[in-house]
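# Analysis of the macromolecular model
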Number of protein chains: 2
Amino acid sequence: MKILVSNDDGIDSAGIYALVNSLKEIADVTVVAPHKEQSAVGHAITMQTPLRVFEYHRDGKFFGYAIDGTPADCVKIGIRNIMNEFPDLMVSGINHGSNTAVNIIYSGTVSAAREAAIMDVPSMAVSVTSHSVNDFSFAAEIAKKLALEINKRGIPKGTMLNVNVPNLPKSEIAGIQITMQGKSKWDDVYEKRVDPYGRNYYWLTGNLVELDDSIEYDQIAIKNKYVSVTPVHFDLTDYDMYEKMKSWNVDKLL
Amino acid sequence: MKILVSNDDGIDSAGIYALVNSLKEIADVTVVAPHKEQSAVGHAITMQTPLRVFEYHRDGKFFGYAIDGTPADCVKIGIRNIMNEFPDLMVSGINHGSNTAVNIIYSGTVSAAREAAIMDVPSMAVSVTSHSVNDFSFAAEIAKKLALEINKRGIPKGTMLNVNVPNLPKSEIAGIQITMQGKSKWDDVYEKRVDPYGRNYYWLTGNLVELDDSIEYDQIAIKNKYVSVTPVHFDLTDYDMYEKMKSWNVDKLL
């Protein structure tokens, strides 16, 4: 099995290192990841500037390719110009911090896997539910097992799995739950500050407001110590509204 | 009616100017838009650096607020800290270049409207199908009429309209078509060049491969001279796969 690995925390992060070491036990792994952290970049791609590719070493040996771009850039150039072939699987992560509910939209980790799905490559994004993770071993083990399962069973073209793993030892994990994207949302607050020159600037902060009540939703699953696995696609058409709007007689607006 | 306007081409673009002038005929308009062009930024939000807000003038008078951030940032800070209330409608555009099919994922124009939808504000993204548009008047007229229609009929929370207008005079428009997100995709090519110092760099290029065959899909609708209106939401759960995966017995992987 050939696997392409990327992330959004950057090629030097602890999460990608644990992931690569785990996946190497079952596959031929190519790493193409951002040179610098790219959290919350969403599904950005770089078009206004060219990309550069750097060879990156770790533990005194070649680890992978660093790109001065976004996670989606890494997947595109990784497949088109570095691997020069379509991998059997693309895995993004392991991210520091969960990617549930509306965060699926903002996440660079998820966007890397989504870019692979757009290219008809089966893919998975893996995140751990804490920004201060010391031990990625359980999440890396889950990633490896799910990689084998995806390879065995297959997933539909255009679909990816979004996996969130509680930051707990395996013994405390309640189970693995197939989930839906939760409805939880951010209550944004921009904290206003004044710089040394008297000018205002604003930091984005806020709280995730939980709007779900069942472990069938990603955010509630991880809160209840379940590994959450959400199948995600990129067909954004609202089909209910599509049918409803046919009665709007929009041609009258011309 | 209170309308928030943003875009991804930047506050100084011709498209946002035409849009604002048209919407001012029916509403109280607040403009909060990126200081610089932000095309293909996807749904990026700025968290690692603070944002600044600048007052921007046009034709010798106040036009709106320029933000050194992304389209999604503009909507968040525009609603939370500039308007300090939820508008009745948010409109993004008018973009130079279409946003159909998979480009809905990459588009900054669409992401601004999606951010409003996430905040339960009815919204619409408007694009014209050419990168060299001289006359935005027809698209601005359609935007105004659809704004009134949305205000009258309402749209569900979490849904936005993605509108693409052919770059044609009104007399050549075939009609207005309610559409689905097309399946068309990019066949990416990274063009390799060598800089004056002998190092490689890569420009993203490519062609959109049309995979649809009916004007019920956005990309084909605009090609056939229809205005395309696609209702889009941000629930990315693949429900078919969600049901199917329940039989995977993933708990065995623990």
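Residues numbered from 1 in each chain as written. Chains lettered and ligands numbered in written order. Predicted model: local features only at pLDDT ≥ 70, side-chain atom pairs only at ≥ 80, totals over all residues.

Time to look at the overall build of chain A. Along its length, chain A carries 7 helices and 11 strands. When its C-alpha atoms are laid out on the principal axes, chain A stretches across 65 × 55 × 45 Å. Here chain A, with 254 residues, has 54% of them falling under the buried criterion. Long-range contacts, defined as pairs at least 24 residues apart, comprise 75% of the intrachain contacts of chain A with a sequence gap of at least 6. (Helix = DSSP H or I, 4+ residues; strand = E, 2+ residues; numbered from the N terminus. Buried ≥ 20, exposed ≤ 12 C-beta atoms within 10 Å, placed from the backbone. Contact = placed C-beta atoms within 7 Å.)

Here we take up the relation of the copies chain B and chain A. Superposing chain B onto chain A takes a rotation of 180 degrees plus a shift of 0.0 Å along the axis, which leaves an RMSD of 0.0 Å. Both copies of the chain, as the preceding transformation shows, are related through a two-fold rotation axis. In this assembly, 100% of the residues forming the interface of chain B have copies in chain A that are likewise at the interface, indicating an isologous arrangement. (Least-squares fit on C-alpha atoms with pLDDT ≥ 70 in both.)

Residues and elements named next belong to chain B. Relative orientation of the contacting elements helix H2 (residues 71–83) and helix H4 (residues 108–118) amounts to 30 degrees, with a least axis distance of 7 Å. Relative to H4, H2 is oriented roughly parallel. The way H2 lies across H4 gives a crossing that is right-handed. Where H2 approaches H4, its residues Pro71, Ala72, Cys74, Val75 and Lys76 are matched on the opposing element by Gly108, Thr109, Ser111, Ala112, Glu115 and Ala116. (Axes fitted to C-alpha atoms, helices over the stretch in contact; angles between N-to-C directions. Parallel < 35°, antiparallel > 145°, perpendicular 65-115°, else oblique. Left-handed = near helix turned anticlockwise from the far one by under 90°.)

Residues and elements named next belong to chain A. Of all 5 residues in strand E1 (residues 2–6), 4 are buried, a share of seventy percent or more. In this region the chain leaves E1, passes through helix H1 (residues 14–23) and returns to the parallel neighbour strand E2 (residues 28–34); the handedness of that crossover is right-handed. Pairing between E1 and strand E5 (residues 89–96): 4 bridges, direction parallel. What sits directly across from Ser6, in E5, is Ser92. (Right-handed = clockwise from strand over helix to strand, strands pointing away. Pairing = 2+ DSSP bridges.)

Across 4 bridges, the pairing between strand E1 (residues 2–6) of chain B and strand E2 (residues 28–34) of chain B is parallel. Across the sheet, the residue bridging to Lys2 of chain B is Asp28 of chain B, located in E2 of chain B.

The subject of this paragraph is the nonpolar core. If you look at the biggest cluster of nonpolar residues, it comprises 160 residues, and the most contacted ones within it are Leu19, Val91 and Ala143 of chain A together with Leu19, Val91 and Ala143 of chain B. Discounting chain neighbours no more than four positions away, the residues touching Leu19 of chain B are Val5, Val91, Gly93, Ile94, Val126, Ala140 and Ala143 of chain B. (Core = buried A, V, L, I, M, F, W, Y, C linked by C-beta atoms within 7 Å.)

The next subject is helix H2 (residues 71–83) of chain A. An α-helical turn contains 3.6 residues, so any two residues separated by three or four positions project in the same direction. Residues and elements named next belong to chain A. A rise of 1.5 Å per residue sets the reference length of H2, with its 13 residues, at 18 Å; its end C-alpha atoms lie only 16 Å apart and thus fall more than 12% short of the reference. Where H2 bends most, at Ile77, the angle is about 40 degrees. Remark: Asn84 follows H2 within two positions and exhibits a positive phi of approximately 60 degrees. (Expected span 1.5 Å × (residues − 1). Bend = angle between axes of the 7 residues up to and from the residue.)

It is worth spelling out the sheet that holds E1 of chain A at this point. Residues and elements named next belong to chain A. Read across the sheet, 9 strands follow the order E3-E4-E2-E1-E5-E6-E7-E11-E8 without closing on themselves; strand pairing throughout is mixed. Looking along the sheet, the strands with just one partner apiece sit at the ends: strand E3 (53–58) and strand E8 (175–178). Taken pair by pair, the neighbouring strands of this sheet meet at an average axis angle of 25 degrees, ignoring direction. Relative to strand E11 (residues 226–233), E8 is paired through 4 bridges, and the arrangement is parallel. Bridge assignment links Gln177 to a residue of E11, and that residue is Ser228. H1 rests against E1, E2, E3, E5 and strand E6 (123–128) of the sheet, and its axis sits at about 140 degrees to E5. Along the sheet, helix H5 (residues 137–153) makes contact with E1, E5, E6, strand E7 (159–165) and E11, crossing E5 at roughly 160 degrees.

This brings us to the environment of Ile94 of chain A. All names here are of chain A. Here Ile94 lies in strand E5. Residue Ile94 is classed as buried on the basis of its 30 C-beta neighbours within 10 Å. Between the C-alpha atoms of Ile94 and Asp9, which are 85 residues apart in sequence, the distance is 8.6 Å. Beyond its immediate sequence surroundings of up to four residues, Ile94 is in contact with Gly15, Ile16, Ala18, Leu19, Val126, Ser127, Val128, Phe136, Ala139, Ala140 and Ala143.

It is worth spelling out the sheet that holds E2 of chain B at this point. Strands in a sheet are paired, the pairing made by backbone hydrogen bonds, and the direction either parallel or antiparallel. Residues and elements named next belong to chain B. What the 9 strands build is an open sheet, ordered E3-E4-E2-E1-E5-E6-E7-E11-E8; its pairing is mixed. Each of the sheet's edge strands pairs with one partner strand only, and the pair in question is strand E3 (53–58) and strand E8 (175–178). Strand-to-strand twist of the sheet, defined as the mean angle between neighbouring strand axes without regard to direction, takes the value 25 degrees. Inspection of the sheet shows strand E7 (residues 159–165) paired to strand E11 (residues 226–233) by 6 bridges, in the antiparallel sense. Directly across from Val163, in E11, lies its bridge partner Val229.

The next subject is the packing of H1 of chain A against H5 of chain A. The description of two helices packed together rests on the angle between their axes and the distance between the axes. Residues and elements named next belong to chain A. Contact pair H1 / H5: the axes reach a minimum separation of 9 Å and the direction vectors enclose 45 degrees. One finds that H1 runs oblique with respect to H5. Note on packing geometry: the crossing formed by H1 with H5 is right-handed. Between H1 and H5, the contacting residues are Ala18, Leu19, Ser22 and Leu23 on the first element and Ser137, Ala140, Glu141, Ala143, Lys144 and Ala147 on the second.

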